[in-house]
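Here are the chains, one letter per residue:
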Amino acid sequence: MSGTNSQHCHSEDVMTDEANNNGPDATAGDTAASDAEQNSADVATEALVDQLEALKAENAELRDRFLRLAAEMDNLRRRTERELKDAKTYAVTGFARDMLSVSDNLRRALEALPDEARGAADAGLSALIEGVEMTERGMLSTLERHGVRKIDAEGQKFDPNFHQAMFEIPNSEVPNNTVVQVVQAGYAIGDRVLRPAMVGVAKGGPKTEANGDATDGNKT
């Protein structure tokens, strides 16, 4: 009998252990472990998402910096090309201005010689006059090859950007402010005025409207 009781007690202990292992506490432990694993996975996912967003932001910033740098380099290239072109075009500006002064002196010397003296000049004086004229033409031709051009002023409407008015000439046959006399020729180089033309302008003629049509200057 005692053996039977002992065997019965052992069976109850085994059943109690199994109940403890498979009971509510075991289920709660499994659930907690599962939640811990899920939380760990969520944390890892959030870290990856944060890392991806950081990489995207860094990539956008680098792309923006690259585009700005490319634009700055393009502007620098264009500015350098423009400066080189201007340097090439206007490098002779000072020299050309000085040469025009020499040309003016040659022209004044020729104009100071009366027509009668030219007609009565001997072979030596005629050769000298011809040499001065050839020198003047050659100098102006050389300047023209370097971009210096004469400003066409006579008959044009007065433009303060290209002309310098020295006096007014009463003239009712042409519109007001028309250039009717050129005292000294003007020259330009590239898009710049090397020196303005010194001119006389008409006064007393029809007024010139903004659209270019002339109206009677005597009308009110």
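To be clear, the structure that these remarks concern was listed above.
A. Spatial organisation of the pattern of salt bridges. One pass over the structure, following the stated rule, counts 8 salt bridges. Where Arg77 meets Asp74, a salt bridge forms, and the shortest distance between an N and an O atom there is 2.7 Å. Residue Arg77 and its partner Asp74 are located together in helix α2 (residues 24-90), separated by 3 residues, close to a single helical turn. We classify Asp74 as partly exposed; its relative accessible area is 26%. When the shortest N-O distance is used, the salt bridge between Arg77 and Glu81 registers 3.1 Å. Of this pair, Arg77 and Glu81 are both found in helix α2, 4 residues apart, which corresponds to roughly one turn of the helix. Judged by relative accessible area, which is 41%, Arg77 ranks as partly exposed. On the accessibility criterion, Glu81 (45% relative accessible area) is partly exposed. Residues joined by salt bridges that share partners form a network here, namely Asp74, Arg77, Arg78 and Glu81.

B. Looking closely at the nonpolar core. Tyr90, Ala96, Leu100, Leu143, Val148, Ala185, Tyr187, Ile189 and Leu194 form the largest nonpolar core, which has 9 residues in total. At the level of secondary structure, the elements contributing two or more residues to this core comprise α3 (93-111) and β4 (187-189). Each residue touching Leu194, except ones within four places of it in the same chain, is listed here: Thr93, Ala96, Arg97, Leu100, Val148, Tyr187, Ala188 and Ile189. Core analysis: the next-biggest nonpolar cluster, separate from the first, contains 5 residues, Val179, Ala197, Val199 and Val201 among them.

About the thresholds
- Residues numbered from 1 in each chain as written.
- Predicted model: local features only at pLDDT ≥ 70, side-chain atom pairs only at ≥ 80, totals over all residues.
- Heavy atoms only, no water.
- Salt bridge = Lys/Arg side-chain N within 4 Å of Asp/Glu carboxyl O.
- Helix = DSSP H or I, 4+ residues; strand = E, 2+ residues; numbered from the N terminus.
- Buried < 20%, exposed > 50% of the residue type's maximum accessible area, 1.4 Å probe, protein only.
- Core = buried A, V, L, I, M, F, W, Y, C linked by side-chain atoms within 4.5 Å.
- Contact = heavy atoms within 4.5 Å.

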